[in-house]
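Chain by chain, the residues run as shown.
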Amino acid sequence: RRATESVAEAAIRDGRLSRLQLVRSLEFSTERPRMRCCQPPAARHCRRTATAALRPLLRSCTTKARLKASLNLPKTSFSLHAKVAETEPRLARQLAVDHYERQAAQRGGADAFVLHDGPPYANGDLHMGHFLNKALKDIINRAALLAGHRVHFRPGWDCHGLPIEMKAIQAGEAESLSPLALRARAAECAREAVAAQRESFVRWGVLGDWEAPYTTMAPEYEAAQLGVLQAMLRRGLLFRGERPVHWSPASRTALAEAELEYADRHVSTAAHVAFPLLEGPPAAAAAADFDPFDGGSALEGAAVVVWTTTPWTIPANQAVCVREDLTYAVVEASDVQPSQLPSEPALPAAAEVEERVRAQGEVVRAAKAALKEGRGSKAEVEAGVAALLRLKSELQSGKPELQPGDSPPNLNASPLPHGARLVVAASLVDALSEAVGTPLVVAATLPGAALIGRHCAHPLSARPVPVLHAEHVTDDAGTGLVHTAPGHGPEDFAVGVAHGLAAACPVDEKGCFTAATEEAAGFAGESVLDDGNEAVLTALREGGSLLAAARHEHRYPYDWRSKTPVIFRTTPQWFVRLGDLRGEALAALHAVEMRPPAGRARLEAFVRGRTEWCLSRQRSWGVPLPAFYHVETGEALLTEETVEHVASLVSTHGCDCGVFVDGGVFVDTNEVSMRQSTCVRSDCWWRLSEAELLPPRMRHEAASWRKGGDTLDVWFDSGASWAAVLSPDRCPPADLYLEGSDQHRGWFQSSLLTYAGAGGGRGGGGGGAGGGGAGAPYGAIITHGFVVDERGVKMSKSIGNVITPAELIDPPPA
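Residues numbered from 1 in each chain as written. Predicted model: local features only at pLDDT ≥ 70, side-chain atom pairs only at ≥ 80, totals over all residues. Heavy atoms only, no water.

**Q** What is the right way to read helix H9 (residues 219–234) from this model?
**A** In an α-helix, one full turn covers 3.6 residues, which means residues spaced three or four apart are oriented alike. Taking 1.5 Å of rise per residue, the 16 residues of H9 would be expected to cover 22 Å, and the 22 Å separating its terminal C-alpha atoms lies within 8% of that figure. Summarising burial for H9: 14 of the 16 residues are buried, a large majority. A positive backbone phi angle near 70° is found at Gly 236, which sits one or two residues after H9. (Helix = DSSP H or I, 4+ residues; strand = E, 2+ residues; numbered from the N terminus. Expected span 1.5 Å × (residues − 1). Buried < 20%, exposed > 50% of the residue type's maximum accessible area, 1.4 Å probe, protein only.)

See the structure below:
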């Protein structure tokens, strides 16, 4: 028995016999005697003895665990179940973070491939547009890895700007929040958005330096940005002046061209307004080619007619412009019947309107009954109800209601009496006749030069305004005479500068009239885009100067964030002078590869079309524009020395909460919760006094200066990213910029202008400004299209038509 057990155990240990094989052989051996009963009893006894001896060993082999251990199968660490919810995030992090760190460590000596990440806005959830952008960048970066390069891809976020500031402002608290309190809230909102978006990007498996991303509110970034500003100051590119700028009443700040979007079907009330001519000099009358009327000139008693889509700017009018080489006509209203004259429509009596309401009610009831019986249509019922509602509105207001589709030729216009004389471009007489609804007869023609030097009466105050020549006047549309308000348009402003006109701007930051001019005083407090515009039209009609008013559909600029119309408003602002800079920027683009090639013409057109860049913004959340103003004279102080000092404060300034900022991430030195820390080092501009903010040699003058409250344009923030993120010794700093095609007027352009403005490596300012050589900050640009919704409209957070990738990657459980 002992011999048998030892032999069996040795065979199992050596692998010559498995326990299962032993069991099967024993089973076979115990069955053989039954099949061969003819064997002698001695043989059967031996087998029974062997079986009895091996029975304990047999029992030890029959348990499930021991049987499983006896199988010679391969071993693996893979789980039997996928466990996707646990496995995918872990693998995604390996793809996004671990692989990037490994390639950076292992390929230290390899050629670097630098794809510079355009910072997405730190606001709201990510959408499919972000997914498309990051997926394309990831494909290109991994292709560069396969080609043997060391990839440099440092993701970033744009943390300043109006949307974050508006999110930080709670309802009803906008006026009561101090700048520091508002900035604290905005910083917290931005940090929360960055943390959430970074987690999503890593979940997507996008390769990048996610452990050290950049943010535009990090102190080293803000200091580098101020270094770019300092370099542009050194080149004399910055100046302060009063200019008409795009102004958003909803956001209460100036906007740059890159912050606008244009609505192609904006509807305005276009008005034809008469400016009566005053008695002019004899030379002007002698220059005209006309026949005299009643012993006087054809211009005697005439009025020039202007056409404008912004009647609210009439109170700021300073001149009427003509073109000296155009031909103008003096026209006279022909003899028409009184019933044909454009006059205020007679209002129906209340009893008549009530009868019409009753009759229309019967029509609606009949239409509903027919629909119920299957004889009518739902459209007939809806049309009947709409007509009934219009009649009820008319009954309540006492006047007919104008429908959206209506475009009457003479909405609330003044009657044009027989014999009235008007001056209009000769090629536009028929258009004016159609607009005023009266036949017009040409009495005389004269060149535009015959009108220059005369004066006409302002329609709201009779104040004399001159008639001037301007090159931008055409006879393509309107009347060939242009109402000119230098405070509300760049072309008008240029005329005002040339002729010494006042840039009157009786509109405040909310877009409401002020009493800054005599003509606007009566409308003070009313919105120029709403009630104020209607009030001006009413005043013109009551004064007999409104010849025609009608709805006009045209292209109009909107604030790209608030999606509301903007206005031109003259305010003191800081500008970058782009005259000489445009040539450098356009020359630098010759060496840049564009994909698709059509992007070159688009980017060049945006650069070529700009003459100035408005840098200042009237907001609290952003990088401070470190300008000082003399308390008595208002003189501005912005020099290389003052900017350099403020930049050093931004880099080193601490706060009293025990928390400091490192790379945009708040590090707690006193074991206080990160969420309790809301300090940003550029807060020093609002925390410190003028004596501390001025350079040391000027501190004794602190009482004579006050610090400004403006911040820098957010496009200047992101446009200076090459100075804060990329190597200054590399030329160009980045191999590739890749973004959507809307960035031709945005980040591509602002990056190019800041790089060229800082000298392109010919000696930039402190904090990292100045690159490694002249040219552009990128070697190539690739643009992609947009993800659209079911209507073909671009997905946008501001519109609210987005699909979040999380809905597809991590769908909720069924």
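**Q** Can you help me understand the sheet that holds strand E16 (residues 482–484) in this one?
**A** The strands making up a sheet associate through hydrogen bonds between their backbones, and the pairing can be parallel or antiparallel. Taken in spatial order, the 4 strands make up an open sheet running E14-E15-E10-E16, and their pairing is mixed. The sheet terminates laterally at strand E14 (455–457) and E16, the two strands that pair on one side only. The average undirected angle you get between the axes of adjacent strands in this sheet is 35°. Relative to strand E15 (residues 464–469), strand E10 (residues 319–322) runs parallel, the two being bridged by 3 bridges. Among the inter-strand pairings, Val 320 is bridged to a residue of E15, identified as Val 467. (Pairing = 2+ DSSP bridges. Axes fitted to C-alpha atoms, helices over the stretch in contact; angles between N-to-C directions.)

**Q** Would you explain the sheet that holds strand E2 (residues 150–152) in this entry?
**A** Read from one edge of the open sheet, 5 strands run E2-E1-E28-E29-E19, paired in parallel fashion. The open sheet terminates on both sides in strands that have one partner only, identified here as E2 and strand E19 (593–595). Within this sheet the neighbouring strands show an average axis-to-axis angle of 20°, counted without direction. Examined bridge by bridge, E19 and strand E29 (residues 780–784) share 3 bridges and lie parallel to one another. Bridge assignment links Glu 593 to a residue of E29, and that residue is Ala 780. Sheet strands in contact with helix H6 (residues 128–146) are strand E1 (112–116), E2, strand E28 (736–740) and E29, and its direction is about 155° off that of E28. (Contact = heavy atoms within 4.5 Å.)

**Q** Before we go on, may I ask you to explain the pattern of salt bridges in this structure?
**A** Side-chain pairs of opposite charge can arise whenever the charged atoms involved come near each other. A full pass over the atoms with the stated rule returns 21 salt bridges. Linking Arg 323 and Glu 471 is a salt bridge whose minimum nitrogen-to-oxygen distance equals 3.6 Å. Placement of Arg 323 in the loop between E10 and strand E11 (327–333) and of Glu 471 in the loop between E15 and E16 is noted, with a sequence separation of 148 residues between them. For Arg 323, a relative accessible area of 22% translates into the label partly exposed. You can call Glu 471 exposed: its relative accessible area is 54%. Each of Asp 117, Lys 134, Lys 137 and Glu 739 takes part in one network of salt bridges that share partners. (Salt bridge = Lys/Arg side-chain N within 4 Å of Asp/Glu carboxyl O.)

**Q** Please clarify how the packing of helix H16 (residues 579–588) against helix H17 (residues 598–608) should be interpreted in this entry.
**A** In a pair of packed helices, the angle between the axes and the distance between the axes together describe the arrangement. The interhelical angle for the contact between H16 and H17, taken along N-to-C directions, is 170°, at an axis separation of 10 Å. Put simply, H16 runs roughly antiparallel to H17. Residues Arg 582, Ala 585 and Leu 586 of H16 pack against Glu 604, Val 607 and Arg 608 of H17. In terms of residue class, the contact of H16 with H17 is made up of 3 nonpolar, no polar and 3 charged. (Parallel < 35°, antiparallel > 145°, perpendicular 65-115°, else oblique. Nonpolar A, V, L, I, M, F, W, Y, C, P; charged D, E, K, R; others polar.)

**Q** Explain the confidence of the model for the protein chain here, please?
**A** Interpretation of the predicted coordinates at a detailed level should be avoided for regions scoring low in pLDDT. Summary statistics for the protein chain give a mean pLDDT of 78 and a share of 74% for residues scoring 70 or more. Here residues 30–37 is a poorly scored stretch, pLDDT under 50, and it has 3 contacts once near neighbours within four places are set aside; other chains count. Residue range residues 761–768 is modelled with pLDDT below 50. Its contacts to residues more than four positions away, or to other chains, number 27 contacts. (pLDDT = per-residue confidence, 0-100.)

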